[in-house]
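Each chain, written out:
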Amino acid sequence: MNENRNEADGQRDLNPENWLDQHGDFLFNYALTRLRDREAAEEVVQDTFVAGIKGLEQYSGRGVERAWLLGILKRKIVDLIRKRVRARTSGIPDSQDDITEMLFDQSGKWKSDPRIFGESPEANLNTQDFWRELTDCIDGLPDKQADVFTLRELEEKTSEEICKELGLTTTNLWVLLHRARLRLANCLKLKWGVVN
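All figures in this text were calculated on a predicted structure; none of them were measured in a lab.

A.B. asks: Could you give an account of helix H8 (residues 159-166), with specific residues and numbers?
C.D. replies: Every buried residue of H8 is accounted for by Ile-162, Cys-163, Glu-165 and Leu-166. Phi turns positive, to about 65°, at Gly-167, one or two residues after H8.

A.B. asks: How would you explain helix H2 (residues 38-54) if you had to name every residue and give the values?
C.D. replies: Here H2 contains 17 residues, and its C-alpha end-to-end distance of 24 Å stays within 8% of the 24 Å for a straight helix at 1.5 Å per residue. Here H2 has its buried residues at Ala-40, Ala-41, Val-44, Val-45, Thr-48, Phe-49 and Gly-52.

A.B. asks: Account for the pattern of salt bridges, with residues named and values stated.
C.D. replies: The full count for this structure, using the stated rule, is 4 salt bridges. Across the salt bridge formed by Arg-36 and Asp-147, the nearest N and O atoms sit 3.3 Å from each other. Remark: Asp-147 occurs in helix H7 (residues 143-154) and Arg-36 occurs in the loop between helix H1 (19-35) and H2; sequence separation between them is 111 residues. When the shortest N-O distance is used, the salt bridge between Glu-165 and Lys-157 registers 3.8 Å.

A.B. asks: Give a description of the packing of H1 against H2 that names residues and reports values.
C.D. replies: In contact at an axis separation of 8 Å, H1 and H2 are set at 135° when each is read in the N-to-C sense. When the axes of H1 and H2 are compared, the pair comes out oblique. For the pair H1 and H2, the sense of crossing is right-handed. Every residue of H2 that contacts H1 at Trp-19, Leu-20, Gly-24, Leu-27, Phe-28, Ala-31, Leu-32 and Leu-35 is listed here: Arg-38, Ala-40, Ala-41, Glu-42, Val-44, Val-45, Phe-49, Gly-52 and Ile-53. The residue inventory of the contact of H1 with H2, partitioned by class, reads 13 nonpolar, 2 polar and 2 charged.

A.B. asks: Could you give me a rundown of the state of the cysteines, with the residues and numbers involved?
C.D. replies: This structure, assessed with the given rule, holds 1 disulfide. Disulfide pairing is shown between Cys-137 and Cys-187; the S-S distance is 2.0 Å. Every disulfide takes its handedness from the sign of the S-S torsion; for Cys-137 and Cys-187 that torsion is -85°, giving left-handed. Residue Cys-137 is located in helix H6 (residues 128-139), and its partner Cys-187 is located in helix H9 (residues 170-191); the two are separated by 50 residues in the primary sequence. Look at Cys-187 and you get buried, because its relative accessible area is 18%.

A.B. asks: Before we move on, can you summarise the packing of aromatic side chains with the specific residues and values?
C.D. replies: Throughout the structure, instances matching the rule amount to 2 aromatic pairs. Consider the rings of Trp-19 and Trp-68, whose centres lie 6.0 Å apart with planes at 65°: the pair is edge-to-face. Of this pair, Trp-19 sits in helix H1 while Trp-68 sits in helix H3 (residues 65-87); the two residues are 49 residues apart in sequence, bridging distant segments of the chain. Trp-19 sits in the buried class, given a relative accessible area of 1%. One aromatic cluster is present, formed by Trp-19, Phe-49 and Trp-68 through successive ring pairs. A cation sits over an aromatic face here: Arg-34 above Tyr-30, 3.6 Å from the ring centre.

A.B. asks: Give a description of a negative patch on the surface that names residues and reports values.
C.D. replies: Together, Asp-37, Glu-39, Glu-42, Glu-43 and Asp-47 make up a negatively charged patch on the protein surface. Along the chain, the position of Glu-43 falls in helix H2.

A.B. asks: Help me get a handle on the nonpolar core, residues and values and all.
C.D. replies: Ranked by internal contacts, the top residues of the largest apolar core, which has 34 residues, are Ala-31, Leu-35, Leu-73, Ile-77, Val-148 and Leu-166. Residue assignment for this core shows that the elements contributing at least two residues are H1, H2, H3, H7, H8 and H9. The dominant element in this core, judged by the number of residues it contributes, is H3, at 10 residues. In this structure Val-148 touches Ile-162, Leu-166, Leu-168, Leu-173, Leu-176 and Leu-177, once residues within four positions along its chain are discounted. Formed by 12 residues, the second largest nonpolar core is a distinct cluster that contains Leu-134, Leu-184, Cys-187 and Leu-188.

What counts as what
Residues numbered from 1 in each chain as written. Predicted model: local features only at pLDDT ≥ 70, side-chain atom pairs only at ≥ 80, totals over all residues. Heavy atoms only, no water. Buried < 20%, exposed > 50% of the residue type's maximum accessible area, 1.4 Å probe, protein only. Helix = DSSP H or I, 4+ residues; strand = E, 2+ residues; numbered from the N terminus. Expected span 1.5 Å × (residues − 1). Salt bridge = Lys/Arg side-chain N within 4 Å of Asp/Glu carboxyl O. Axes fitted to C-alpha atoms, helices over the stretch in contact; angles between N-to-C directions. Parallel < 35°, antiparallel > 145°, perpendicular 65-115°, else oblique. Left-handed = near helix turned anticlockwise from the far one by under 90°. Contact = heavy atoms within 4.5 Å. Nonpolar A, V, L, I, M, F, W, Y, C, P; charged D, E, K, R; others polar. Disulfide = S-S within 2.5 Å. Phe/Tyr/Trp six-rings, centres within 6.5 Å; stacked < 30°, edge-to-face > 60°. Lys NZ or Arg CZ within 6 Å of the ring centre and 35° of its normal. Patch = residues over 30% accessible without salt bridge, like charges linked within 9 Å, V, L, I, M, F, W, Y side chains within 5 Å. Areas by Shrake-Rupley, 256 points an atom, 1.4 Å probe, with all protein chains shown as cover. Lys, Arg positive; Asp, Glu negative; His and termini not counted. Charge placed at Lys NZ, Arg CZ, Asp CG, Glu CD. Core = buried A, V, L, I, M, F, W, Y, C linked by side-chain atoms within 4.5 Å.

Next comes the structure, spelled out in structure tokens:
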């Protein structure tokens, strides 16, 4: 293992002893946003550091160390979500309240304007309040809906990748994403105090 990288080769020294201080909070918050479980987030960050130590020789030193660790973390998150999905029974969970009836009229049109972000959605996306509220809303989703939404929208996986990783049909994935989006839209609408 070559921990002492040569500066002349464009590489730098890696010191795993500093990873927790330098990258721990960032990686933990990233994992917590996606997994919605402090214990699971701590576990995947720990697994990331262990995998990073084991794979030091694979790090070329040409990229940013944090980005390299984040790449490992993303794979650990997907692995954990895949494991959770396999542990649950298959099938689409039934909703106790029909969110569709709450949001749509008989003809399938929105009962109220779904645009909850006002004039500048880009500005809202960058606020800490939005991410805190989105995380809370994702926490309120049934597990399977939260997992597919997280993989699709936060991890930017393709439908094909998600179906393969979680053993879903395209139809099941579409239904889960549709239900998740409806619930999230309603939740965010309520949390952001938009009045009809």
